[in-house]
Amino acid sequence: MSLISRLQRRLLGKLDKRSLISVLPVVSLLMIFAGIGLLFVLPMDGQFRRTYISENALLPGQAHTYFKDSEENILRAFREEVRMLKDVSESERAVVIEKWINDMGYKAAIHNWTFSHYDDDVKSGSNVYGVLHAPRGDTTESMIICAPWINGDGDFNEGGVALAVSLARYFTRWSVWSKDIILVIPSDTSYGLSKWVDDYHYTSMSASSGAIQGGIVLDFPGVHEHFSRIEVKYTGYNGQLPNLDLINTAVLICAHMSLNVVVHGVTGSDHDYENRAMTLFKGISDQAFSGLYKQGYGNEPFSGWRVDAITLKAVMDPQSMPFTQIEFAKLAESVLRSINNLLEHFHQSFFFYLMLSPWQFVSIGTYLPAAMLLGASYTIKGIYLWMTSTQAVAGQSMIEAASAFGLFLVVIVASSVFLAVISWAPSTNVLTVYAILVVVSAFMPLIVSKLVGVKPKSYVNKLRSYSLIYAGLVLTTLSTLNFSLALILGLAFSPLAHLLFLPHDQSRGFKSSIESLVSSLATIVTCPWVCLLAYFRIVVQPPTPEQLVFPRIVTSISIGELESFLIEMLWKWRALGVWSFVPIFFMVWMPVWLSACIAITMQISEKESASANGTAKEKEKIEENVGKKVEKKAEKKAEKKAEKKKQVTRSSMRTRSADKTVI
Amino acid sequence: MLLRTLVACLLLLQSALAYREKLDLRPLPRNSLLASFSFSLASESAPTPDDISHYGLFPRSVGQIIRSSHATEIHLRFSQGWWDASEWGSLPEQGAYAGGTGVEVWAWVDGADLAEAEKRWYELVNALSGLFCASLNFVDSTKTILRSTAPSLDSNKYLFHGSLPSESVCTENLTPFMKLLPCKGHAGISSLLDGHKIFDSKWQSMALDFTADCDDDSCKLVMSQRIDVVLDVLRSLERQKHSPVPIPRRVEDLMCDETKPYHSSEKCFPLPTAPTVKWLISEIFGKPIVSKCALETVGESEASELGENAGYNICTHITDAWSLSRHGGNVLSSFASKACFSLNENEEFNLAFDCSNTSSVSPITSAPVHIQRSMTGRGQQHGGIQAIIRNPSPTDPITVTYFETLPWFMKPYLSSMTTHLSGPDTLDLSSIDPIKNITYKPFMERVRSTHLELTLEIPAASTLTLSYDFDKTLIYLAEYPPDANRGFDVSPGILRVVSQNDEITYSMRTSSLLLSLPTPDFSMPYNVIILTSTVMALLFGTVFNILVRRFVYEEDIEADKKEKGGLKQRLLKRFRKDKTEKKSSVKSAG
């Protein structure tokens, strides 16, 4: 212990407190780079782990599969039937499927669902589902086999539905099931399926079973009977992931059957750093933007209900399609057999992980520091701003702190009003409401700073400090819930923490104009509205080469598509509870950005701030002197341990004299 | 000669003690078959139950348990599977012999006071646990419900009820069940009871009831055993003929809908189910009935009641679409709706069923009430239970009692209990309060579970939704079972339909529920132990150091060194000292 305290004394004794504070911004900036740098380290050899099956009960690939030979004749017939249903209305389709599975011995039912925002703004459809009561089970547990009519890419899932139905038929011949099998054919992969899952857990349904232990979603679009590879989709809403064991099971079974399997669409070898890094970054982007506006792949709606689910997607690459639909069916059968083997709910393996390839992953302990570093960098910058914002007039500090906090609260309240307004807005005039909010949020900082009037620099620093500490708090918390979102948000705000310069003396002309230019650029780049539009332009509606010129890139945006993009995002928040976009956008991003805008537009009383700085410096100096003296005294004390009692009395006298200097 | 006399004596003796065994076979829709085995016998009469010393065919082991535990009635149920009321109608015997998933036991126990009766109840369940190879010894105070008490002259009677929903019923429970039978599965209809077939069923329920049947001057012990099982005929046949695994059929054997336009040698749309089916009892149960159980006798009362049909062993309940052909045995009645047969000694019996239309089955009485119970809500803190009770009768309201036991780690809020009636528009349901009576005994942590009993009245053609919320509790680490992440089973609720004159006309169970409690990561305790041990070790080290070590100033040591010299010098000194001493001693010796 004494060794540590001596070391501390040695180190800190030489550094003065002021220089420690002055390195904080550098530390904060370095943390951002370190956080990003860590992401590039993760795919390096030795930084990740190979996946393994943690739950021994799963026994992946150990079960013999018998869905073959004549079963394919039946499957082909079902494909013909499903193809005929392509142009039929949803409720008619449901009736046909209901009859089929009823005849197989399932307890079938049609689930009509509606989501409504206002009376005229309704999403509705008909799901059809059936429960095969396990021959020897007692209806306490169940598992899901699901095939949506329309898959995540908007294609008609002919193969998936036919496979699910013929597998369901085949399953009735087994008596090994310990869990009920629920076959669900929802109208789509998001709203219909979500509503089904919600209703299954909250209301009475005419056919019901017990707790769902796991599930697979079959995605085999189009009329092909062959496919190129399997893609495992696993990211749920709000960044929730299924247990890694389930993914491992599917991947291992694919390997047993010599099927090609990929995650996040990266096909290259996992021996290459680039491929691993690519999978990692695609995984991060999928996790962060899951449920943003896209339909999803079908595994997402289960994520909030402690139901582990994955989507098995057959990818058709016209160049080579070596695998047959029967192999896909066998894969599904084998995965379900493994889930059926479970004695307990999935719990053994990881729930927080990033995949680098189907066989490699990084666990939370390794990757979390990246987002934590980013989050903490805001906290540190916030602390720095707080410590350098000492008030000149004694006693004013508290009042100023409270007043700046009040201003920050106003910003938060304004942002929540934005959120309430946008949630309430009818879909027909979402674009208008957005436009109004854009205008309001653009003028709000100007008006607020005018109203607040001329304030010392310390006041502005306190406001910035609050907003950065708020960002730090939110991001570090968020990083444990949705790592990728926290990471991306952390990067998105970073110019606000480091590239924002407050207006100085007018005398330093050139430097100050550069600084104000950088500041305004930073606020424009980090403006939530601008980022939203940029995301839309780059990802949702990518520009054609001739649209890449400046005015055209903005003018060629199709307003209709933008509107449907915005409406879809709001629907995802209202109906499916995807909080990773709308609430985060308004409750985290908006207040941080607004307070930064207020900070740079605010008029600063130069004189006071200068004097404030001056007094602060003096005060600090005094404190440092005292500190140094006390430290010196302590050192001496340690040295003089060998001396006898006389010295002890002397040093106590010294302390008294040191106290005097403080006074 | 002696042996023959003995056997004759025995037979004579047994004629007084009726032992009957019956099998009812009832095909159900979708190629299911309900087989109900029932066995009943009684001991000799004696003035009081304690005086019964001659058990005859009555199993002595059970008799002794009844005697030592002072129970007047014991009921045991082993069940598994799910009764599909929408297809199969009401439960056999109006649910009198059906139990909830797992094991259920209830008994009337005599005792001077509750404490004595309770002690006897725990003795009873422990004894039964050994006898039936079931974990009934885990029925402790938290799993026991005192349902009612009946005072009598010299002692009181207490009705205890316990259930183990997570117990899986298996052949180890069937074997002791068979051992209690006089023919022990070697002859008679019990020879059909094969664990592989019984437990490959869609639903099965084993019931054992022991009662002390006393009238004014005599008492006898009566035992009735029953197995009801719903078998999947097609699966059993496939198992018998091919293999237990669903090997794909040959293309020629597929039954295809040839009217489909795309029908070809590669595409086959399957027909719903085989419209015709042919099977033998021996194909379904694995073997024919070996012979009549020689110990069976027809009681006098039954003989007078049934007249010509007395002594039947097997009855079938079929329609005109079915035809029967028998091998061995005698025909007692041959109506299409109910054909009955008796067995002969030393003669195999087999029965062939040939059906032209499997959807034609003898009329099914629909269940008088339907119930569906489920958990609602998400998260690990709160939850809800929802029970939906439907009265299918279009004309008559029904009165039901709904009985639920909740483990103590589920903390229900009775205040949150809501009922919602929905039904035809002609009825004004808003003014009806369906709850007529509530019996509620709250839980006590780690001591007693919640006992909730409701009397409900449900109007005709209406559905009652009963729901309430509960809190989940954190329990001690040691209280988690080894498979904690599976969840905790909540016992099935018991629903009874009560007639006008308070008789139970129908009873049924809900399925059991899985309750997932907040479960720790079980490697956590290990981490905690490691961390605390490290802290303890550090603390101990520091304290020990301070206590044991002597602190001296460096100067003192220097001074001391100068005084005494270094280690080398000191050793040398000592060595020299020794040498000189030795020398001196040598000298002195010399």
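Not measured: the values here are computed from a predicted model.

Caption draft 1: Inspection of the nonpolar core at higher detail. All names here are of chain A. The biggest cluster of nonpolar side chains holds 93 residues, and the ones touching the most others in it are Ile422, Phe483, Phe565 and Phe586. In terms of residues, this core owes the most to one element, helix α19 (residues 582-601), which gives 14 residues. Split by domain, this core shows at least three residues from each of two domains, domain 1 (2-41 + 366-604) and domain 2 (56-358). Apart from the residues within four sequence positions on either side, isoleucine 422 is in contact with Val433, Tyr434, Leu437, Leu570, Arg574, Val582 and Phe586.

Caption draft 2: The sheet that holds strand β13 (residues 360-363) of chain A, seen in detail. All names here are of chain A. Strand order in the open sheet formed by three strands is β1-β13-β12, with antiparallel pairing between adjacent strands. Each edge of the open sheet is held by one strand with a lone partner, namely β1 (49-50) and β12 (353-357). Along the sheet, helix α10 (residues 364-387) contacts β12 and β13; its crossing angle with β13, the most-contacted strand, is approximately 60°.

Caption draft 3: A look at the side chain of threonine 311 of chain A. Residues and elements named next belong to chain A. Secondary-structure assignment places threonine 311 in strand β10 (residues 308-315). With a relative accessible area of 0%, threonine 311 lands in the buried category. At a separation of 3.1 Å, a polar atom in the side chain of threonine 311 contacts the side chain of asparagine 299. Aside from chain neighbours lying at most four places away, what touches threonine 311 is Val217, Asp219, Glu231, Val232, Lys233, Tyr297, Gly298 and Asn299.

Caption draft 4: A look at the pattern of salt bridges. Residues and elements named next belong to chain A. Within this structure, the stated rule accounts for 40 salt bridges over all chains. Here glutamate 231 makes a salt bridge to lysine 233, at a shortest N to O gap of 2.9 Å. Of the residues examined, glutamate 231 reaches a relative accessible area of 8% and is grouped as buried. Given the relative accessible area of 15%, lysine 233 is considered buried.

Caption draft 5: Spotlight on the packing of α10 of chain A against helix α14 (residues 483-498) of chain A. Residues and elements named next belong to chain A. It is the contact of α10 with α14, at a shortest axis distance of 9 Å, that shows an interaxial angle of 30°. With respect to α14, the axis of α10 lies roughly parallel. Crossing of α10 over α14 shows left-handed handedness. Contacts from Tyr367, Leu368, Ala370, Ala371, Leu374, Tyr378 and Lys381 of α10 reach α14 at Phe483, Ala486, Leu487, Leu489, Gly490, Leu491, Phe493, Ser494, Ala497 and His498. Classifying every residue of the contact of α10 with α14 by side-chain character gives 13 nonpolar, three polar and one charged.

Caption draft 6: Representation of the interface of chain B and chain A in the model. Residue-level contacts link 54 residues of chain B with 51 residues of chain A. In this assembly, chain B packs against chain A so that about 4500 Å² is buried in total across both faces, 52% of it on carbon and sulfur atoms. Applying the counting criterion to the chain B and chain A interface returns five salt bridges. Lysine 267 of chain B serves as the salt-bridge partner of glutamate 80 of chain A, at 2.5 Å between the closest nitrogen and oxygen. Where chain B touches chain A, the interface holds 19 residue pairs in polar contact (both at pLDDT 80 or more). Elements represented by at least two residues in the side of chain B that touches chain A include exactly β3 (71-81), α3 (85-88), α7 (233-241), β15 (370-376), β16 (382-390), β25 (513-515) and α11 (554-564) of chain B.

Caption draft 7: Geometry of the domain arrangement of chain B. Each assigned domain of chain B is listed with its residue range as follows: domain 1 (2-355), domain 2 (370-515) and domain 3 (554-589). Taking the mean C-alpha position of each, domain 2 of chain B and domain 3 of chain B sit 92 Å from one another.

Caption draft 8: The arrangement of the pairing of strand β8 (residues 219-232) of chain B in detail. Residues and elements named next belong to chain B. Among the 14 residues that make up β8, 12 are buried, leaving the element largely enclosed by the rest of the structure. As judged from the 11 bridges shared by strand β2 (residues 32-42) and β8, these two strands associate in the antiparallel manner. Bridge pairing links leucine 41 to methionine 223 in β8. Bridging between strand β7 (residues 203-214) and β8 involves 12 bridges; their strand directions are antiparallel. Bridge assignment links phenylalanine 210 to a residue of β8, and that residue is methionine 223. Taking the residues between adjacent antiparallel strands as the criterion, β7 and β8 are bridged by four residues.

Caption draft 9: Quick peek at the UniProt feature "transmembrane region" (unreviewed entry) in chain B. The sites that carry the UniProt feature "transmembrane region" (unreviewed entry) are, in the present numbering, residues 526-548 of chain B. The straight-line gap between the two end C-alpha atoms of residues 526-548 of chain B is 32 Å; of that span, 100% is helix and 0% is strand.

Caption draft 10: Spatial organisation of the packing of aromatic side chains. Scanning the entire structure with this criterion turns up 54 aromatic pairs over all chains. Their ring planes at 75° and their centres at 6.1 Å tell us that tyrosine 378 of chain A and phenylalanine 493 of chain A sit as a pair that is edge-to-face. In this pair, tyrosine 378 of chain A sits in helix α10 while phenylalanine 493 of chain A sits in helix α14, placing the two residues 115 residues apart along the sequence. With a relative accessible area of 0%, tyrosine 378 of chain A lands in the buried category. Note on phenylalanine 493 of chain A: relative accessible area 0%, which makes it buried. For the pair phenylalanine 78 of chain B and phenylalanine 132 of chain B, a centre-to-centre distance of 6.1 Å together with 50° between the ring planes defines the contact as tilted. Of this pair, phenylalanine 78 of chain B sits in strand β3 while phenylalanine 132 of chain B sits in helix α4 (residues 114-132), and the two are 54 residues apart along the sequence. In this arrangement the basic side chain of arginine 93 of chain A is found over the ring face of tryptophan 149 of chain A, its NZ or CZ atom lying 4.7 Å from the centre.

Caption draft 11: Structural context of the state of the cysteines. In the structure shown here, the tally under the stated rule is three disulfides over all chains. Between the sulfur atoms of cysteine 183 of chain B and its disulfide partner cysteine 293 of chain B the distance amounts to 1.8 Å. On the sign convention where negative is left-handed, the bridge of cysteine 183 of chain B and cysteine 293 of chain B, at about 80° about the S-S bond, is right-handed. You can see cysteine 183 of chain B sitting in the loop between α5 (171-179) and α6 (195-198) and its partner cysteine 293 of chain B sitting in the loop between α8 (281-285) and α9 (300-306), a full 110 residues away along the chain. Across the disulfide from cysteine 315 of chain B sits cysteine 340 of chain B; the S-S distance is 2.0 Å. As the torsion about the S-S bond is roughly 100°, the cysteine 315 of chain B-cysteine 340 of chain B disulfide counts as right-handed. You can see cysteine 315 of chain B sitting in strand β10 (residues 314-316) and its partner cysteine 340 of chain B sitting in strand β13 (residues 339-342), a full 25 residues away along the chain. By the burial criterion, cysteine 315 of chain B is buried, and cysteine 340 of chain B matches it. In this structure cysteine 254 of chain A is a free cysteine whose sulfur lies 18 Å from that of cysteine 146 of chain A, the closest cysteine sulfur available. Its relative accessible area of 0% is what places cysteine 254 of chain A among the buried residues.

Caption draft 12: Expanded view of helix α13 (residues 457-481) of chain A. Its 25 residues place the ends of α13 of chain A 36 Å apart at the C-alpha level, agreeing with the 36 Å of an ideal helix rising 1.5 Å per residue. With 18 of 25 residues buried, α13 of chain A is to be regarded as a mostly interior element.

Caption draft 13: Geometry of the domain arrangement of chain A. All names here are of chain A. Assigned domains of chain A: these are domain 1 (2-41 + 366-604) and domain 2 (56-358). Placing the centre of domain 1 and that of domain 2 at their C-alpha centroids yields a distance of 40 Å. Contacts between the two partners involve 32 residues from domain 1 and, on the opposite side, 29 residues from domain 2. Note on domain 1 versus domain 2: buried area summed over both sides is about 2700 Å², and carbon and sulfur give 62% of it. Its largest share of buried area at the contact with domain 2, domain 1 owes to Tyr367, Trp571 and Leu576, together 22% of the area lost on that side. Counting the contacts that link domain 1 with domain 2 gives one salt bridge. Among the ionic pairs, lysine 123 bridges to glutamate 568, the shortest N-O distance being 4.0 Å. Put simply, domain 1 and domain 2 have 14 residue pairs in polar contact (both at pLDDT 80 or more) between them. When contributions to the side of domain 1 that touches domain 2 are tallied by element, the ones reaching two or more residues are α2 (17-41), α11 (396-424), α13, α14, α16 (528-540) and α18 (559-576).

Caption draft 14: Highlighting the sheet that holds β7 of chain B. Residues and elements named next belong to chain B. Strand order in this open sheet of 11 strands is β5-β6-β4-β3-β7-β8-β2-β1-β10-β13-β12, and the pairing throughout is mixed. Two strands lie at the open edges of the sheet, namely β5 (144-151) and β12 (330-334), each paired on one side alone. Taking each pair of neighbouring strands and ignoring which way they run, the sheet shows an average axis angle of 15°. For strand β1 (residues 19-28) and β10, the ladder comprises three bridges, and the chain directions are parallel. Residue pairing across strands places leucine 25 opposite threonine 316, the latter belonging to β10. Set on the sheet, α4 makes contact with β3, β4 (102-111), β5, β6 (156-164) and β7; between it and β4 the angle comes to about 140°.

Caption draft 15: Molecular detail of a negative patch on the surface. Residue and element names in this part refer to chain B. Taken together, Asp213, Asp215, Asp216 and Asp217 make up a surface patch of like negative charges. Mapped onto the secondary structure, aspartate 217 falls in the loop between β7 and β8. Its relative accessible area of 60% is what places aspartate 217 among the exposed residues.

Parameters and conventions
- Residues numbered from 1 in each chain as written.
- Chains lettered and ligands numbered in written order.
- Predicted model: local features only at pLDDT ≥ 70, side-chain atom pairs only at ≥ 80, totals over all residues.
- Heavy atoms only, no water.
- Core = buried A, V, L, I, M, F, W, Y, C linked by side-chain atoms within 4.5 Å.
- Buried < 20%, exposed > 50% of the residue type's maximum accessible area, 1.4 Å probe, protein only.
- Helix = DSSP H or I, 4+ residues; strand = E, 2+ residues; numbered from the N terminus.
- Domains from an automatic or database assignment.
- Contact = heavy atoms within 4.5 Å.
- Pairing = 2+ DSSP bridges.
- Axes fitted to C-alpha atoms, helices over the stretch in contact; angles between N-to-C directions.
- Polar contact = N/O pair within 3.5 Å; in protein donor to acceptor, adjacent residues only side chain to side chain.
- Salt bridge = Lys/Arg side-chain N within 4 Å of Asp/Glu carboxyl O.
- Parallel < 35°, antiparallel > 145°, perpendicular 65-115°, else oblique.
- Left-handed = near helix turned anticlockwise from the far one by under 90°.
- Nonpolar A, V, L, I, M, F, W, Y, C, P; charged D, E, K, R; others polar.
- Buried area = accessible area lost by both parts, 1.4 Å probe.
- UniProt positions renumbered as here; feature names shortened; annotations may be inferred.
- Phe/Tyr/Trp six-rings, centres within 6.5 Å; stacked < 30°, edge-to-face > 60°.
- Lys NZ or Arg CZ within 6 Å of the ring centre and 35° of its normal.
- Disulfide = S-S within 2.5 Å.
- Expected span 1.5 Å × (residues − 1).
- Patch = residues over 30% accessible without salt bridge, like charges linked within 9 Å, V, L, I, M, F, W, Y side chains within 5 Å.
- Areas by Shrake-Rupley, 256 points an atom, 1.4 Å probe, with all protein chains shown as cover.
- Lys, Arg positive; Asp, Glu negative; His and termini not counted.
- Charge placed at Lys NZ, Arg CZ, Asp CG, Glu CD.

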